[in-house]
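Per-entry structural report
One letter stands for each residue in the lines below.
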Amino acid sequence: MTEFNTKLVHQPVQHDNNTGAVTVPIYKATTFKYPAVGAQVKDDYSRSGNPTRRAVEEQLATLEEGNYGFCFSSGMAAIHAALAIFKKGDHLIVGDQIYGGTFRLLHEFFKRWGLTITAVDTRDLSAIEKAIQPNTKAIYFEPVTNPLLQVSSISRVSQLAHQYNLLTIVDNTFLSPYLLRPLNLGADIVIHSATKYLSGHSDISAGAVVVRDQSLAERVYFIQNALGAVLSPEDSNELARGIKTLGIRLERQMENVKRIIHYLQESNAVQKIYYPGLADLPGYQELRKEARGAGGVFSFELTEQVNPSEFVNHLQLFKLAVSLGAVESLVELPSKMSHAELTLEEQLAAGIKPGLIRMSVGIEDYRDQIIDIQQALEKAHN
Ligand SMILES: *Cc1c(COP(=O)(O)O)cnc(C)c1O
């Protein structure tokens, strides 16, 4: 079983209680009986290990081509666990366009722990190298950033990291293992907000960490068990179900993105498009070396004749909402929504103009998506 879509549906192979059930049951038990004092049991307490959670953890480890998976109650809980393997005095280099919640966790929580942080543009290897200090322990970044979809090379960053004995930590939320497998490119730790593409239906909060190395796995497991922000059995089941359709969802979403971008390019209503999945757009050459596609999120700036707030307010099929990666189409204005915590100066320094629009394209029919965009453009034209 080597083809990815087959793996999505069938891995890991489950043999449960000899019932013949083709899906893993939701084990709600919080405690598990010992046959005798001192006996070795697979599970004794659900925070430490739960069969339903383990099934999806193994599923994710297999898909990311790692050896150990860990599931958490949110993406932030997963990131917290992965970063809590470090200690006071350690220094981390992080991408300067990482997810806002991760930035907040680093600057307002881990700083109090005594971690120090340098933010750099991880597309620039010399900037990373310049930031390395004697106490630097890891480089943390997103290979495709939000909302500008800037592309950093995992193999080049991890090569540099290994030269200096640093860990490479990659948040793979945007592309998912269907399109990108960071561990194969040299990364040591892969992180997901499984709230997004992996679950895919905007109905659970979940996070994951996947590693290959056993000693790293022990460090992450210690924190998962010690802090206890584990994924519930019910949500583990929903995540496992969502993952099975990851491939067909993303194929449709990427096809829809391409149709919409072609429409926008011909509409004369758009100044600039950010999507590294098309040959005529920036980032394409870099991304295609490592990933099978650019996913279902893209951003754009309208021309001055079209009011961006009016445009998003008039969309109907595209719901005005943060988050991304699910079956339904969403739209947002990063400057006023997902990135509103940044000051205008910080937004502009990060390249986020007030009129930037981000779309997370769903699996609807592209004709309906385009009709919706067309009517909103007409109403927002001044
Ligand atoms: C959403 C997101 C997170 C945080 O995940 P939650 O599930 O919301 O806690 C982290 N990284 C990226 C890239 C995200 O998009």
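Residues numbered from 1 in each chain as written. Predicted model: local features only at pLDDT ≥ 70, side-chain atom pairs only at ≥ 80, totals over all residues. Heavy atoms only, no water.

Here we come to the sheet that holds strand 4 (residues 136-141). Taken together, seven strands build an open sheet; the order of strands is 1-7-6-5-4-2-3 and the sheet is mixed. One side of each edge strand has no neighbouring strand; the edge strands of this open sheet are strand 1 (68-72) and strand 3 (116-120). Within the sheet, the average angular offset between the axes of one strand and its neighbour, ignoring direction, is 20°. With four bridges connecting them, strand 2 (residues 91-95) and strand 4 associate as parallel partners. Counted as the bridge partner of leucine 92 is alanine 138 from strand 4. In the packing of helix 3 (residues 75-83) onto the sheet, the strands contacted are strand 1, strand 2, strand 4, strand 5 (167-171), strand 6 (189-193) and strand 7 (207-211), and the crossing angle to strand 6 comes to about 160°. The strands touched by helix 8 (residues 214-227) are strand 1, strand 5, strand 6 and strand 7; relative to strand 1, the strand with the most contacts, the crossing angle is about 20°. (Pairing = 2+ DSSP bridges. Helix = DSSP H or I, 4+ residues; strand = E, 2+ residues; numbered from the N terminus. Axes fitted to C-alpha atoms, helices over the stretch in contact; angles between N-to-C directions. Contact = heavy atoms within 4.5 Å.)

Around the ligand, the neighbouring residues are Ser74, Gly75, Met76, Ile79, Tyr99, Glu142, Asp171, Thr173, Ser193, Thr195, Lys196 and Ala206. In the environment of the ligand, an oxygen atom lies 2.8 Å from a nitrogen or oxygen atom belonging to the side chain of serine 193. One nitrogen or oxygen atom from the side chain of lysine 196 is found 2.7 Å from an oxygen atom belonging to the ligand. Expressed as a share of its isolated accessible area of 380 Å², the protein-covered part of the ligand is 91%. Counting residues per element, the shell around the ligand draws most heavily on helix 3, which supplies three residues. A breakdown of the residues in the shell around the ligand according to their chemical character gives four nonpolar, five polar and three charged. (Near = heavy atom within 4 Å. Polar contact = N/O pair within 3.5 Å; in protein donor to acceptor, adjacent residues only side chain to side chain. Areas by Shrake-Rupley, 256 points an atom, 1.4 Å probe, with all protein chains shown as cover. Nonpolar A, V, L, I, M, F, W, Y, C, P; charged D, E, K, R; others polar.)

One water molecule sets the probe size; rolling that probe over the atoms shows where empty space is left. Here the largest pocket is characterised by a volume of approximately 900 Å³. Taken together, 37 residues form the lining of the largest pocket, with Ile98, Tyr99, Gly100, Gly101 and Ser338 sitting closest to its centre. Those elements that provide at least two residues to the lining of the largest pocket are helix 3 and helix 4 (100-110). With seven residues, helix 4 is the largest single contributor of residues to the lining of the largest pocket. (1 Å grid on protein atoms, 1.4 Å probe; cavity = no way out; pocket = protein on both sides within 12 Å on 5 of 7 lines; lining within 4 Å. Points joined across faces, edges and corners; volume = space filled by probe spheres on them.)

Attention shifts here to the sheet that holds strand 10 (residues 319-320). With mixed pairing, the five strands of this open sheet are ordered in space as 8-9-12-11-10. The sheet is open, and its two borders are formed by strand 8 (270-274) and strand 10, each paired with just one other strand. Relative to strand 11 (residues 330-332), strand 10 is paired through two bridges, and the arrangement is parallel. Bridge pairing in strand 11 places lysine 319 opposite leucine 330.

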